[in-house]
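Observations on chain architecture
As a plain string of letters, each chain reads:
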Amino acid sequence: MKVQTLKRTAGASVERECAGDLRRSSRNLNPQHHPMQRAREYQRAVTAAKMERMFAKPFVGDLQGGHRDAVTCTATSRKALLPLVSGAADGCVALW
């Protein structure tokens, strides 16, 4: 009985067997090569904090008698802040 052994060439780690295989990539984590990294992370943190406050339950609870689904658009007058008109995915338009 013959047994075949696996052989790999020196360049086998770079080659792919099929087009769906992923190539290995390396990342340069040196902060000198990424000068905007800190600003990007700060912007992401601010956006996350705003979204957290916007979807907080006390805020949603104050809108009793309002929309039952996600609000998709809002509009105000150019001359005054009130009235506020909002439209939601449930098909309702509310005047606040």
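In this report, we go over the structure that sits alongside the text.

The rules we used
- Residues numbered from 1 in each chain as written.
- Predicted model: local features only at pLDDT ≥ 70, side-chain atom pairs only at ≥ 80, totals over all residues.
- Heavy atoms only, no water.
- Pairing = 2+ DSSP bridges.
- Helix = DSSP H or I, 4+ residues; strand = E, 2+ residues; numbered from the N terminus.
- Axes fitted to C-alpha atoms, helices over the stretch in contact; angles between N-to-C directions.
- Buried < 20%, exposed > 50% of the residue type's maximum accessible area, 1.4 Å probe, protein only.
- Contact = heavy atoms within 4.5 Å.

**Examining the sheet that holds strand β1 (residues 71-76)**
Strand order in the open sheet formed by three strands is β1-β2-β3, with antiparallel pairing between adjacent strands. The open sheet has two edge strands with one neighbour each: β1 and β3 (93-95). The sheet shows a mean angle of 20° between the axes of neighbouring strands, direction not considered. Strand direction decides the pairing type here: β1 and strand β2 (residues 84-88), joined by five bridges, are antiparallel. Across the sheet, the residue bridging to Thr76 is Leu84, located in β2.

**Thoughts on the environment of Gly87**
Tracing the sequence through the fold places Gly87 in strand β2. Taking relative accessible area as the criterion, Gly87 reaches 8% and is therefore assigned buried. Spatially, the C-alpha atom of Gly87 lies 9.7 Å from that of Asp69, the residues being 18 residues apart in sequence. Not counting chain neighbours up to four residues away, the residues in contact with Gly87 comprise His67, Val71, Thr72, Cys73, Cys92 and Val93.

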